[in-house]
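# Survey of secondary and tertiary structure
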Amino acid sequence: MSGFDDAAFFGDRWADHYGDGPDPTAAVEFLAGLAGAGRVLELASGTGRITLPLAARGIAVEGVEGSAAMVERMRERPGGTRIPVTVGDMADVPVEGSFRLVFLVFNTLFNLPSQERQMDCFHNVARALQPDGAFVIECFVPDPAKFDRGSRVEALEVTEDSATIQVYRHDAVAQRYAKQTITFTTDETRMLPVALRYCWPSELDLMASQAGLQLHERHADWDRRPFDSNSTSHISVYRPAAEVTR
C-alpha cells in the first residue's frame, strides 16, 4: 500500500469522496486573464474543477495528476475526455514543450512531502515556462498556533447515528502535519488521510528565486484583495526573473 509520500496517495484514497471544493468562478477568471491564447498546464488537475471551465472557454489546457483514479473521475464529467492529462508526479512536471501559464491551486503544492520536492517543482515549472509565462499558486498561510503540543482534534459533524472528526499530528520542525478525517457510523468507519508540508510565503519566494523565478504579484484571494499580515491565504504569481526586471 502506498504511503503519504507517494504521488498517487491522496488521489487514490480520496477519489471516491472528493467534492468540487470552493466555487471556481473567481479562480477561472483570474487564470484566464493570464493565459491569453497561450498553452496552459494545471499541476494536480484532480477531477477538473478548474481545468474544465478553462477548457470550456477555448483555452488550450492540459493537466498533470498523480492519481489515475482522479483522472477517471474527471473523464466522467462533461468535456473531461478532451483534456490531455499526464499521470505522474507533479514535482517532475512530466510534459513536453513550453507553457504560457502553469498553475497549482487549493494548497496542493503542500502535498509535496519535503522542501526538496517542492523546490524540484519550482525548478521544473521554470523549465516549462515561456519567457513571458507565469506560475500561479494558491496556498494557505500557516498558523502553527492551531496545534496544542503537536496535536489537534476537531468534531466536524455529529448526528444521531454518525460522527465525523479530524485528527492532526503536527511536526513543527519539519513544517509538516498528517490529518485523518474519520467518519464513524453504525455500520462502518471511514478514514480519509492527507499529509502536508507547509511553507510561509517568504520560503516560497526563496524557492522561486533559486529556480530563476520572481514574485510578480500577490493577493489575499482570487478577487485580488490586498495581501497583508491578517491574510489567511494567498494567490502568488511568479514570472521568470528576466521578465520581471524588464
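Note that the structure is predicted; figures quoted are calculated from it, not measured.

By the burial criterion, the buried members of helix H6 (residues 201–210) are Pro-201, Glu-203, Leu-204, Met-207 and Ala-208. When H6 is viewed along its axis, its buried side chains cluster within an angular range of 160° and face the same direction. Its buried side turned inward, H6 meets helix H5 (115–128), strand S5 (129–140), strand S9 (189–197), strand S10 (213–219) and strand S11 (233–240). Positive backbone phi, approximately 85°, marks Gly-212, located one or two places after H6.

Okay, helix H2 (residues 25–35) next. Every buried residue of H2 is listed here: Ala-27, Val-28, Phe-30, Leu-31, Ala-32, Leu-34 and Ala-35. Buried residues along H2 sit against strand S1 (39–43), helix H3 (51–56), strand S4 (99–104), S5, S10 and S11. Just beyond H2, the residue with positive phi is Gly-36, at close to 55°.

Attention shifts here to the pairing of strand S7 (residues 162–171). Here S7 shows a buried face lined by Ser-162, Thr-164, Gln-166, Tyr-168 and His-170 and an unburied face lined by Ala-163, Ile-165, Val-167, Arg-169 and Asp-171. Of the pairings in the sheet, the one linking strand S6 (residues 151–158) to S7 comprises seven bridges and is antiparallel in character. Across the sheet, Val-158 pairs through a bridge with Ala-163, a residue of S7. Following S6, the chain reverses through three residues before pairing antiparallel with S7. In this sheet, strand S8 (residues 176–185) lies alongside S7 in antiparallel orientation, the contact comprising 10 bridges. In the sheet register, Val-167 faces S8, and the bridge partner there is Gln-180.

Counted by the stated rule, this structure contains 11 salt bridges. A salt bridge links Arg-224 to Glu-217; the nearest nitrogen and oxygen atoms lie 3.9 Å apart. Arg-224 gets classed as partly exposed once you look at its relative accessible area, which sits at 41%. On the accessibility criterion, Glu-217 (18% relative accessible area) is buried. With its nearest N and O atoms 2.4 Å apart, the salt bridge here joins Asp-221 to Arg-225. Look at Arg-225 and you get exposed, because its relative accessible area is 52%. Because the salt bridges share partners, they merge into one network encompassing Asp-89, Asp-92, Arg-117 and Asp-120.

Criteria and thresholds
- Residues numbered from 1 in each chain as written.
- Predicted model: local features only at pLDDT ≥ 70, side-chain atom pairs only at ≥ 80, totals over all residues.
- Heavy atoms only, no water.
- Buried < 20%, exposed > 50% of the residue type's maximum accessible area, 1.4 Å probe, protein only.
- Helix = DSSP H or I, 4+ residues; strand = E, 2+ residues; numbered from the N terminus.
- Arc of directions from axis to C-beta.
- Contact = heavy atoms within 4.5 Å.
- Pairing = 2+ DSSP bridges.
- Salt bridge = Lys/Arg side-chain N within 4 Å of Asp/Glu carboxyl O.

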